[in-house]
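Survey of secondary and tertiary structure
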Amino acid sequence: QASLFGFGQSAEVVIKLDDHDTRPTAKIRNDDGTLETHYLFLDGETVSGTVDVNLKKAGVKLEHQGIRIEFIGQIEVYYDRGNQHDFISLTKDLARPGELNDQKNSFQFEFANPEKPFESYMGTNVKLRYLLKVTIVRRLTDIVKEMDLIVHTLSSYREEMNQSIKMEVGIEDCLHIEFEYNKNKYHLRDVIVGKIYFLLVRIKIKYMELTIIKRETVGGGANSFNENETIARYEIMDGAPVRGESIPIRLFLGGYDLTPTMRDVSKKFSVKYLLNLVLIDEEDRRYFKQQEVTLWRKAELPLRRVVDGGPVALTEPASPELEQRSGEETAAGGGGARAGENGVNGATSPKGPQAVEAQ
């Protein structure tokens, strides 16, 4: 019906990157949970290409008030839809007001070395996206075409900045354990190596697991709220331990959908990760201790092998981004368990591990 009155779109807009044949791609989850594949960029990389405007009817001209393309970095909080925050907004004019008479029209564009300070992110309550947006300004209805891009943020840490995590936790006269993780900063394809050592066991433990929890915080101050998701579960032990027993931990992160740790992104949201050690006794009481770790994205250097006498570079495929899952654990805070929670207090006093309540 709109086309009867001339309101239908009379042109098709296609955005094509100059290096679309060679540029790597990555996957990210959409609002409905499905995976989408888009071209991948890093901070500082130039974004350039061609905008094709193809008229749908030969011989019918297209009047416009100007054609522009924008490179946008945008944060959208789901409870405030329609009020996006643009932390990057760059605009290039492709054509001045006038007419398009040819059926096929092409316009070159380039955003030279634009800043891309944050990683693309699809969370439970917030979304950070980068996009190219073409607008053909018309008197009644604009013609708009968007193209999403994915941005990865790379980091690196010196070895001296990476410290092991050692802690004694327990319940007075019932349980005393030591746990150790080899580092407090892990890249997304790293391996968590650690061990659990039982110094005192006077409760009947039937099960122990290590979970990775992603905590997404949106907003700030009194208006902030948290969303926990259990991203990974790793069974450490099934059965009762004995005093002096040591249980090894070896958890490969490459098989899980993780993002880097994000801190106060544009004053809108943060994402952090917790290693959650959970013990369950024969009465199904749960005891746990959480420890925050930093996750970061490492640059993937090409692997090399020799084929027919010459070196050939091999690159690993980009890993998918986020998979939404429901969280099941909440943390015991500060000096002990909050009301209605089972927690293990990790602070060790001179008198030994402090006690906590168990339901």
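Residues numbered from 1 in each chain as written. Predicted model: local features only at pLDDT ≥ 70, side-chain atom pairs only at ≥ 80, totals over all residues. Heavy atoms only, no water.

**Some thoughts on the overall build of the protein**
Looking only at helices and strands, one finds 0 helices and 26 strands in the protein. Just so you have it, the protein exposes about 19,100 Å², and 46% of that area is on carbon and sulfur atoms. (Helix = DSSP H or I, 4+ residues; strand = E, 2+ residues; numbered from the N terminus. Areas by Shrake-Rupley, 256 points an atom, 1.4 Å probe, with all protein chains shown as cover.)

**Re the sheet that holds strand β1 (residues 11–17)**
Pairing is antiparallel in the open sheet, where 3 strands are placed in the order β1-β4-β9. At either end of the open sheet lies a strand with only one pairing partner, and these are β1 and β9 (104–111). Here the average twist between neighbouring strands, direction ignored, is 20°. Note: β1 against strand β4 (residues 47–55), 7 bridges, orientation antiparallel. Opposite V14, over in β4, you have D52 as the bridge partner. (Pairing = 2+ DSSP bridges. Axes fitted to C-alpha atoms, helices over the stretch in contact; angles between N-to-C directions.)

**Regarding the sheet that holds strand β14 (residues 175–181)**
The strands making up a sheet are joined through hydrogen bonds of the backbone, oriented either antiparallel or parallel. Taken together, the 4 strands give an open sheet; going across it, the order is β13-β14-β16-β19, and neighbouring strands pair in antiparallel fashion. The strands lining the two open edges of the sheet, one partner per strand, are β13 (165–171) and β19 (246–252). Averaged over all neighbouring strand pairs, the angle between strand axes comes to 20°, with direction disregarded. With 7 bridges joining them, β14 and strand β16 (residues 191–201) adopt antiparallel strand pairing. Within the sheet, the bridge partner assigned to Y181 lies in β16 and is G194.

**A look at the packing of aromatic side chains**
Aromatic rings considered in pairs are described by the distance between their centres and by the relative angle of their planes. Counted according to the given criterion, the structure contains 9 aromatic pairs. Summarising the aromatic geometry, the rings of Y157 and W296 are spaced 5.6 Å apart at their centres and angled 70° between planes, so their arrangement reads as edge-to-face. With Y157 in the loop between β12 (143–152) and β13 and W296 in strand β22 (residues 286–296), this residue pair connects regions lying 139 residues apart in the sequence. The exposure class of Y157 is partly exposed, given its relative accessible area of 30%. A residue is classified by how much of its surface remains accessible, and W296, at 10% relative accessible area, is buried. With centroids separated by 5.4 Å and ring planes inclined at 45°, the aromatic side chains of F179 and Y181 adopt a geometry described as tilted. With respect to burial, F179 and Y181 carry one shared label: buried. A connected cluster of aromatic rings, assembled from ring pairs, spans F71, F87, F109, F111, F118 and Y130. (Phe/Tyr/Trp six-rings, centres within 6.5 Å; stacked < 30°, edge-to-face > 60°. Buried < 20%, exposed > 50% of the residue type's maximum accessible area, 1.4 Å probe, protein only.)

**Observations regarding the pattern of salt bridges**
For the structure shown, the criterion picks out 16 salt bridges. Residue R129 is joined to E146 by a salt bridge in which the shortest nitrogen-to-oxygen separation is 3.3 Å. With R129 in strand β11 (residues 126–136) and E146 in strand β12, this residue pair connects regions lying 17 residues apart in the sequence. For R129, the salt bridge goes to D148, with nearest N and O atoms at 2.9 Å. In this pair, R129 sits in strand β11 while D148 sits in strand β12, placing the two residues 19 residues apart along the sequence. A residue is classified by how much of its surface remains accessible, and D148, at 23% relative accessible area, is partly exposed. One salt-bridge network, held together by shared partners, links D19, R23 and E45. (Salt bridge = Lys/Arg side-chain N within 4 Å of Asp/Glu carboxyl O.)

**Description of the nonpolar core**
Membership of the largest hydrophobic core comes to 73 residues, with the highest contact counts inside it found for F109, L132, Y181 and F269. Each residue touching L132, except ones within four places of it in the same chain, is listed here: I15, L17, V47, I69, E70, F71, F109, F111, K145, E146, M147 and L149. The next biggest cluster of nonpolar side chains, apart from the first, holds 6 residues, and it includes A26, Y78, M122 and I150. (Core = buried A, V, L, I, M, F, W, Y, C linked by side-chain atoms within 4.5 Å. Contact = heavy atoms within 4.5 Å.)

**As for the side chain of K185**
Here K185 is to be found in strand β15 (residues 185–187). With no salt bridge to any partner, buried K185 finds its closest opposite charge in E292, at an N-O distance of 9.9 Å. Ignoring any residue separated from it by four or fewer positions in sequence, one finds K185 in contact with Y157, M161, N162, D190, T294 and W296. (Lys, Arg positive; Asp, Glu negative; His and termini not counted.)

**Things to note about the pairing of β16**
Sheet faces and side chains relate simply in a regular strand, where the side chains alternate between the two faces. Inspection of the sheet shows β16 paired to β19 by 7 bridges, in the antiparallel sense. Within β19, the position partnered with G194 by the bridge is I249.

**A short note on the pairing of strand β21 (residues 269–281)**
Burial analysis of β21 places 11 of its 13 residues in the buried class, the great majority of the element. With 13 bridges joining them, strand β17 (residues 205–218) and β21 adopt antiparallel strand pairing. Within the sheet, the bridge partner assigned to I213 lies in β21 and is L274. Alignment of strand β20 (residues 262–265) against β21, held across 2 bridges, turns out to be antiparallel. Along β21, the bridge assignment pairs M262 with V271.

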